[in-house]
Amino acid sequence: MPAIEIFGLEKIYNTGFWRKRAKRALHPLNLTVEDGEIFGFLGPNGAGKTTTLKMLMGLVFPTSGSARILGMELGDPRMKAQIGFLPEQPYFYDYLTARELLNYYGHLSGMESKQLAKKIDAVLEQVGLAGSAGVQLRKYSKGMLQRAGIAQAILHDPKVVFLDEPMSGLDPMGRREVRNLIENLKANGKTVFFSTHILSDAEALCDRVAILGQGQLRGVGAIAELTAGVHGRVEIVWQGTEIPADIRSIAEYHRAAEIVRAVLPEESQDAALEALRRRGLRLISVTPVRTSLEDYFVARLGTPRDAETVSIQTQAHS
Amino acid sequence: MILSQRINIIAATILICGMACAAILIRTIDQAHASTAVQETLYISSPKLLKRLSLGYHGLFADIYWTRVVQYFGGVHSRGGGTYNLLWPLLNITTQLDPHLIPAYEFGGTFLSAKPPNGAGSPEQAIELVQYGIQNNPGDWHLYYDLAFIYYDLKDYRHSADAFLKGSQLPGAHPFLKIMAAQMAEHGGDIATARMMWTATYQTTHDDMIRANAAAHLRALQADEDVAMLEQLVQDYRVRTGRLPQTFSELISARMLRGIPLDPVGHPYELEDGRVFISDPQDLPFVQKGLRPGYIPSPVPKLMPAN
Amino acid sequence: MNSRILQIATNTFREAVRDRVLYNLIAFALLMSAAAVLVGQISIQIEKLVVINLGLTAVSLFGIVIAIFIGIGLVSKEIDKRTLYTVLSRPVRRWEFIAGKFFGLVGTLFVNTFFMAIGVFAALAYVSHHFERSDAWVLVALYFIVLQFVILTALALFFSSFSTPIFSAVFAFWLFVIGSFAGDLRNFAAMAHGITRWLATAAAYMVPNFSALNVISEVAHGQAVPVQLIVLNTAYTFVYAAAVLSGAVLIFERRNLK
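Residues numbered from 1 in each chain as written. Chains lettered and ligands numbered in written order. Predicted model: local features only at pLDDT ≥ 70, side-chain atom pairs only at ≥ 80, totals over all residues.

### Here's the deal with the pairing of strand E13 (residues 259-265) of chain A
All names here are of chain A. Where we set the bar: Any two strands between which DSSP finds at least two bridges are classified as paired. Numbering goes from the N terminus for both helices and strands, where a helix is a DSSP run of H or I of at least four residues and a strand is a run of E of at least two.
With 7 bridges connecting them, strand E11 (residues 233-239) and E13 associate as antiparallel partners. Along E13, the bridge assignment pairs Ile-236 with Ala-262. Pairing between strand E12 (residues 252-256) and E13: 5 bridges, direction antiparallel. Directly across from His-254, in E13, lies its bridge partner Arg-261. Here E12 folds back onto E13, and the loop between the two strands holds 2 residues, one of which, Ala-257, carries a positive phi near 50°.

Below, the structure written as structure tokens:
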């Protein structure tokens, strides 16, 4: 059974004073996330990632479409007992300490007091907050808040964990820790669904990704599959300071000491080498550059974002 | 999401039933509250303090207190009279908060001086109230009328005529004030005067209770006149035939009456041993003639709707 | 279900306490002490009257202010700060959340009133040097004041579920003022005619009946409060608050959180 199934989930907001202007935050989305995988939900800011997550959590009601998590309907308390959620830039009751916060959330998730105390200690240890468990959250740094957020998301041992920008606000050490955490979750058989706009994190962790742009799904699949279709690039290094005109127009290049390093599209490789040979420039190396997710990303999403508000002439229901 | 549908239905039901029950409970509380002595305490009894506390909104507060006057009076009255202890303090507060609330003076003038169980029976307070009103509204002739009425009730015909005269001198005064001044000076105690006074009140007042009161007085006057006139006819009959008539039919046969005489509320008069009686004196509260010996008027004067 | 509501209620209470809300008790204590001492010294033969009137009015007003100030943010603050996200993604029903918030604030006000009541009785003991049987009615007056809080909390929570704090405060405050004159409003409505009469009557019965819950002056004069009134007022508060909270639930159940 898939962990998450999304059937045509759509959200249209009616904005403006008379609620006539429709803003389509999410076009009908169809998506399936398998049990036990780490799934990345990618896209630039404003693409509709958070809207999707909010609908899955029951915080926002879809305009149309439906979804199932672990085979159960959205809003079903039995389903909610088995999921964890870390919202974007979370803010918690700052008058509570981390321990009190987890105690509160644990009870709300239906955990028994006895096992709760032990679990809290374990989880605090896991996220590296054991030392600050008794400090009020208003004194926490951003990174510590993020970790507290992860703690409350995994406290009740959920089967599916939803993370919205889990790396935000973390320094490199923190990000490494979160990455390890996510890998551990997968090792323990959990499904992780996390959204981010940082592609390197996704590349490192995800089994599959979906790319969202302007409220629409632009691509979904394993990273290797996605990048295979994109034309690669090649890096050519030669000695000297001269850059032939042909190369200059198609490559990104930079000079250092007496070396020029240029990266250009794979298909132009032969023409470039020919240009260098004609000039008599000495070739040092030719290396294929691995297509990255970023290449795929840029290819699918194009250049500057257009306006995100799409006026819809016809009646739109909220 | 059947769960949330169920919650919505439950919530909507509680909302509607709750508000309905709340309204019913309010009515119950109002009724229960009114019959206890709890009502008899004024929250704040000093008009000056109240004026200061009202933070400049004394007009509104005067209006609120005025509605309380009406409710209070109506409540006590419908429960059979008793004491109207709070009438004076309430009216005092009302007029101190808004000295230009003319209806308050008319109401106070009438019901402060009226004898219990119809009113508070304190004419001195009534005079004080109306004079305060005149002081603050020197151009309003209605107040002089109210004052004149109080004095008339006290049978102080001189002061009554005085008030009518002063009132008649104001610009825009109703012409009958001058007429009444003269009438009162010469014929203060006559029935004709009484009839003029009550008719004037009946026609000029906007207050339902005062109008009902005036109508009752007029009916009583009519009944008194009728009884006097009928008894005179009975005596004439006796002189003519040497004996007392047993029924009114005999008077009709003798062409002294045109039909069975009816009192102002439509019931026929009764003839017994040469005396004329009213069949249902309860319907004619202020009547003085035509009452059987030993008749005690009910404590609650039955003020029927004015017609 | 009950333990979740209890959790939310406890959390709400804790927030109020840690927000130093209960510090108002200190201000109240100072006020009562000053009043008692002043009145006790000038001996105007109505010391008891003044202490009870002042004390109970202060308890009422302090509580009203707290009920409004905290009540208006109960829901809107959680939505603004997005602390609600991690709560509602758990098996917590939206209506349980409303119920928990309600009981939390009512509990806070109850505790607040309890301590203030001690202050009032202490001041009373100071000026009259002994207690009489009629002083027990002060407890009834306090009970009615707590009932007022219950209604006002429900109203503030209701507005908080869809409106910004400022509007919520304004609406709640005005409903308190109008509700205090609810009896007079019903009188006005009874004297009106036509459509105005219908509208005014409807308004007069929907507005919270605070006027019946105010027995401060009666109690100050040592008058007894009829048991029937106690029962009716309790029933009214229960039923009215339930209706208002249901309204809050209906609105909150459909709200899209930003």
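Past the structure itself, the notes keep going.
### Some points on the sheet that holds strand E14 (residues 283-289) of chain A
All names here are of chain A. Note the following rule: Angles here are taken between N-to-C directions and fall from 0 to 180 degrees, while the axes themselves are lines fitted to C-alpha atoms, restricted in helices to the stretch in contact.
The strand order across the open sheet formed by 4 strands is E12-E13-E11-E14, and the pairing between neighbours is antiparallel. What marks the edges here is a single partner per strand, and that holds for E12 and E14. On average, adjacent strands in this sheet sit at an angle of 15° to one another, irrespective of strand direction.

### Points about the nonpolar core
Let me state the cut-off plainly: Connectivity within a nonpolar core runs through C-beta atoms within 7 Å, and the core itself is a set of buried Ala, Val, Leu, Ile, Met, Phe, Trp, Tyr and Cys residues. To assign burial, the other C-beta atoms lying within 10 Å of each residue's own C-beta are counted, with C-beta atoms placed from the backbone; 20 or more indicates buried, 12 or fewer indicates exposed, and intermediate counts indicate partly exposed. It is the C-beta atoms, placed from the backbone, that decide contacts: two residues are in contact if theirs lie within 7 Å.
A:Ala151, C:Ala67, C:Ile98, C:Leu152, C:Ala154 and C:Leu155 are the most contacted members of the largest nonpolar core, which has 157 residues in total. Not counting chain neighbours up to four residues away, the residues in contact with C:Ala67 comprise C:Leu105, C:Leu109, C:Phe149, C:Leu152, C:Thr153 and C:Ala156. Formed by 65 residues, the second largest nonpolar core is a distinct cluster that contains B:Leu90, B:Ala181, B:Val227 and B:Leu230.

### Examining the sheet that holds strand E7 (residues 160-164) of chain A
Residues and elements named next belong to chain A. Pairing within the open sheet is mixed, and its 6 strands lie in the order E6-E7-E8-E3-E9-E10. A single partner strand is all that each edge strand has here, and the edge strands are strand E6 (83-86) and strand E10 (216-222). Strand-to-strand twist across the sheet, computed as the mean angle between neighbouring axes with direction ignored, equals 15°. As paired strands, strand E3 (residues 38-42) and strand E9 (residues 208-213) are joined by 4 bridges and run parallel to one another. Among the inter-strand pairings, Phe-39 is bridged to a residue of E9, identified as Arg-208. Sheet contacts for helix H6 (residues 172-187): E3, E7 and strand E8 (191-196); angle to E8, the most-contacted strand, approximately 150°.

### Some remarks on the interface of chain C and chain B
The test is simple: Under this grouping Gly is polar, as are all residues other than the nonpolar Ala, Val, Leu, Ile, Met, Phe, Trp, Tyr, Cys and Pro and the charged Asp, Glu, Lys and Arg.
Between chain C and chain B, the residue contacts involve 30 residues of the former and 26 residues of the latter. Elements with a contribution of two residues or more to the side of chain C that touches chain B: helix H9 (182-191), helix H10 (194-206), helix H11 (216-220) and helix H12 (227-253) of chain C. At 15 residues, the largest contribution of residues to the side of chain C that touches chain B is made by H12(C). Classifying every residue of the side of chain C that touches chain B gives 18 nonpolar, 9 polar and 3 charged.

### With respect to the interface of chain C and chain A
If you look at the interface, chain C gives 20 residues, while chain A gives 23 residues. Of all the secondary-structure elements, those providing two or more residues to the side of chain C that touches chain A are helix H1 (2-18) and helix H5 (84-88) of chain C. Ranked by the residues each element gives to the side of chain C that touches chain A, the list is headed by H1(C), at 6 residues. Of the residues contributing to the side of chain C that touches chain A, the split by class is 6 nonpolar, 7 polar and 7 charged.

### A closer look at helix H6 (residues 123-136) of chain B
Residue and element names in this part refer to chain B. Using the following cut-off: In this analysis, the expected span of each helix is defined as 1.5 Å times one less than the number of residues it contains. The arc in question is the one traced by the directions running from the helix axis out to the C-beta atoms.
Along its 14 residues, H6 runs 20 Å from first to last C-alpha, staying within 8% of the 20 Å computed at 1.5 Å per residue. Regarding H6, the residues found buried are Ala-126, Ile-127, Leu-129, Val-130, Gly-133 and Ile-134. For H6, the arc enclosing every buried residue in end-on projection is 165°, short of the 170-degree limit, so these residues lie on one face. Along H6, the residues that are exposed and aim more than 90 degrees away from the buried face are Glu-124 and Gln-135. As for H6, its buried residues are in contact with helix H4 (87-97), helix H5 (102-113) and helix H7 (141-153).

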